[in-house]
Each structure stands twice: as structure tokens, then as C-alpha cells.
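A closer look at the structure
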Amino acid sequence: MSEMPWYNKGIFSSLNLRQKTLLTIGLTGLVLLIIFISGTLINANLPTDFSIKMQAPSFEHLFGTDWMGRDMFTRTIKGLSLSIMIGLGASIISSIIATILAFVASFNRYCDTVVSWLIDLFASIPHILLIMMISIALGKGAFGVIMAVAFSHWVNLTRVLRAEVLQINTSEYVNLSKRFGKSKLWIAKEHILPLVLSQIFVGTLLVFPHAIMHESSVTFLGFGLSPHEPAIGIILSESMSYLAMGAWWLAFFPGVSLLIVVLLFDIIGDNLKRLLDPSEANN
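What counts as what
Residues numbered from 1 in each chain as written. Predicted model: local features only at pLDDT ≥ 70, side-chain atom pairs only at ≥ 80, totals over all residues. Heavy atoms only, no water. Axes fitted to C-alpha atoms, helices over the stretch in contact; angles between N-to-C directions. Helix = DSSP H or I, 4+ residues; strand = E, 2+ residues; numbered from the N terminus. Contact = heavy atoms within 4.5 Å. Nonpolar A, V, L, I, M, F, W, Y, C, P; charged D, E, K, R; others polar. Left-handed = near helix turned anticlockwise from the far one by under 90°. Salt bridge = Lys/Arg side-chain N within 4 Å of Asp/Glu carboxyl O. Buried < 20%, exposed > 50% of the residue type's maximum accessible area, 1.4 Å probe, protein only. Expected span 1.5 Å × (residues − 1). Arc of directions from axis to C-beta. Core = buried A, V, L, I, M, F, W, Y, C linked by side-chain atoms within 4.5 Å. pLDDT = per-residue confidence, 0-100.

Turning to the packing of helix α2 (residues 72-105) against helix α3 (residues 109-123), a few remarks are in order. In a packed pair of helices, the relevant descriptors are the angle between the two axes and the axis-to-axis distance. Contact geometry for α2 and α3: axes closest at 7 Å, N-to-C directions at 145°. Here Leu101, Val104 and Ala105 of α2 come into contact with α3, specifically with Cys111, Asp112, Val115 and Leu118. Residue classes in the contact of α2 with α3 are distributed as 6 nonpolar, no polar and 1 charged.

Take a look at the structure:
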């Protein structure tokens, strides 16, 4: 009998699918938490040193320095932390909007028609355009971007929750509660909400990467956060003026770091969905 390969002898190989999924979620979440906490501990007004401006990546400055001699690694971590905070606020507000609309749609046929019309209306408008319009209307800045991203990312989750709520409303135990004279609010709180909590939680996490990417996009275009904010979109926008000079690191490392953070959120969302929905376990 051949000996078991060395890579199958590790602790990870002895875990079942559920344990591997939990471990993946835990490790990925820990990395994101470290990035967020590290960024919050960094002062937004980073020290400048023009004697070391535009230096390429080195052991002293892993991501190089910018045109003011600021360490790009520190700026990138600060920008990622700000993006995570905005994504958190936007995704939570978006999920609240989606949950409210899904429950409103279950009241009667007229409410369902209005909610369906709203879904079709907002789905027909490009996300970037809608975010820019709302952000400008609210004065841009962090608050404007959070609200803009939130009011443009509730559509998909609302569709899922609406279908789920309508299906639950036709179940036997809900009909039995109606015969006993229970109000719609009581049915929503006791029967429907516990059954859709997992979809709300997973939906909130899946909105995260979209929120972060769209926040960076509108900020890069100049319709998001203020120029003095240490956001990834601002960093990438400023770096465009220096790429022709060969300062590739000003855009490369912040851009790759942003993609990694988005990918980490996607990994958490997909694994959490697989964990909570048995039908996804084999996908």
C-alpha cells in the first residue's frame, strides 16, 4: 500500500466540509478585521518627507512612497479601512431597505405591485450613474457615498427576500395563524423573519464587495469622497498623473490590495451561503 502523500497528513485534511468552511470564514474574517483595526489606528494626516518622495518599493517602504514622501503601504491600509467602513454602513442600510420592502410586498397585491415597480425602476438605472446622482445630491463625502451605495444596491436582495416571503406566506402554518386571528405584524415577526434571517445576513455580506468597488469607482471619478480623504479611489486617481513617470507602484499596490479585500469578502459570503444553505454545499 502506498504511503499517504504529505499534504494529506495535515490538520486541514482531517477536517470535514463544515469545519473547513468555518475555518475559511474565520481566517478570512480575521485578515479583514486586522486590516480594518490597523487602518483605524493610523492617523489620517500621514507625515510627509520630500527627501524620500517617489521611491520605488523597498524593505523600508514595501509599497514605495508617493510624491510627498508618504509611505504608500500605510496610505493603502488606511484607505482599505475606510472602504471597509463605508461598505459596512452601505450594506447594512441596503439590507434594511430590502427587508422592509420585501415585507411591504407581502401585505397585499397592491403593495407587491408598487415594490415590483420600484425594483424594475432602480434595476434599469446603471449603478454608477445612480450612485453619482445620489452622492452629488447629498453633498458627496462619506455620508453621501454610503447613502448612495445603499440606495442603489438593495434591488437584488429585495428580489430574493420578496420571493422567499411570498412563498412563506402561502405555507400551512401561516394560514393557520391567520385563522387564529394573528395580525400580519405578528406573523411577520414570529414566522417570516426567523426564516429569512440567514438570507438577510448572507445578502448583506454579498453586497459588501459591490459596495466597496462602487465607492472606489465613484471616488476615482471625483464624485465620491473628498480629495483629503485617504481613500483608495483618491489614491488611484492621484496616481494617474505619475504613471507616465514610471511610478507604477502608486497604482499597482493599492489596486491589487483593493481587489484582494473584495475577494476576501466574496470568499466569506460564498462560504457562509454554503454553510447556511445545504443545497449549496456541493457547488
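From this point, the discussion proceeds with the structure in view.
Glancing now at the packing of helix α4 (residues 127-137) against helix α8 (residues 184-220). Remark: α4 packs on α8, axes separated minimally by 10 Å, with the N-to-C direction vectors making an angle of 65°. Once α4 is placed against α8, the crossing between them reads as right-handed. Where α4 abuts α8, its residues His127, Ile128, Ile131 and Met132 lie against His214, Ser217 and Val218. Considering only residue class, the contact of α4 with α8 consists of 4 nonpolar, 3 polar and no charged.

Below, the discussion takes up the pattern of salt bridges. According to the stated counting rule, one finds 4 salt bridges in the structure shown. Here Arg70 ties to Asp66 by a salt bridge, and the two come within 2.8 Å at their closest N and O atoms. With a relative accessible area of 15%, Arg70 lands in the buried category. Arg75 is the partner of Asp66 in a salt bridge, and the nearest nitrogen-oxygen pair spans 3.1 Å. Under the relative-accessibility criterion, Asp66 is labelled buried at 0%. Arg75 sits in the buried class, given a relative accessible area of 5%. Via salt bridges that share partners, Asp66, Arg70, Arg75 and Glu238 belong to a single interconnected network.

Here helix α6 (residues 155-169) is 15 residues long and its end C-alpha atoms lie 21 Å apart, about the 21 Å a rise of 1.5 Å per residue gives. What α6 keeps buried is the set Val155, Leu157, Thr158, Leu161, Val165, Ile168 and Asn169. Burial along α6 is one-sided: seen end-on, the buried residues are contained in an arc of 145°. Those residues of α6 that are exposed and angled more than 90 degrees off the buried face are Asn156 and Gln167.

The next subject is the nonpolar core. The biggest cluster of nonpolar side chains holds 27 residues, and the ones touching the most others in it are Ile212, Val261 and Phe265. Breaking this core down by element, the ones donating at least two residues are α1 (17-41), α2, α8, α9 (232-239) and α10 (249-276). A per-element tally of this core places α10 first, with 11 residues. Beyond its immediate stretch of four places on either side in the chain, Val261 contacts Leu32, Ile35, Leu80, Ile84 and Ile212.

Turning our eyes to something else, we now look at the confidence of the model for the protein. Caution applies to low-pLDDT parts of the model: their predicted coordinates are not meant to be read in detail. Averaged over every residue, the pLDDT of the protein is 82; residues scoring 70 or more account for 92%. Mean pLDDT values for the elements of the protein range from 79 in helix α7 (residues 172-179) up to 89 in α2. In this model residues 4-9 is a low-confidence stretch, pLDDT under 50, and it forms 4 contacts with partners more than four residues away in sequence or in other chains.

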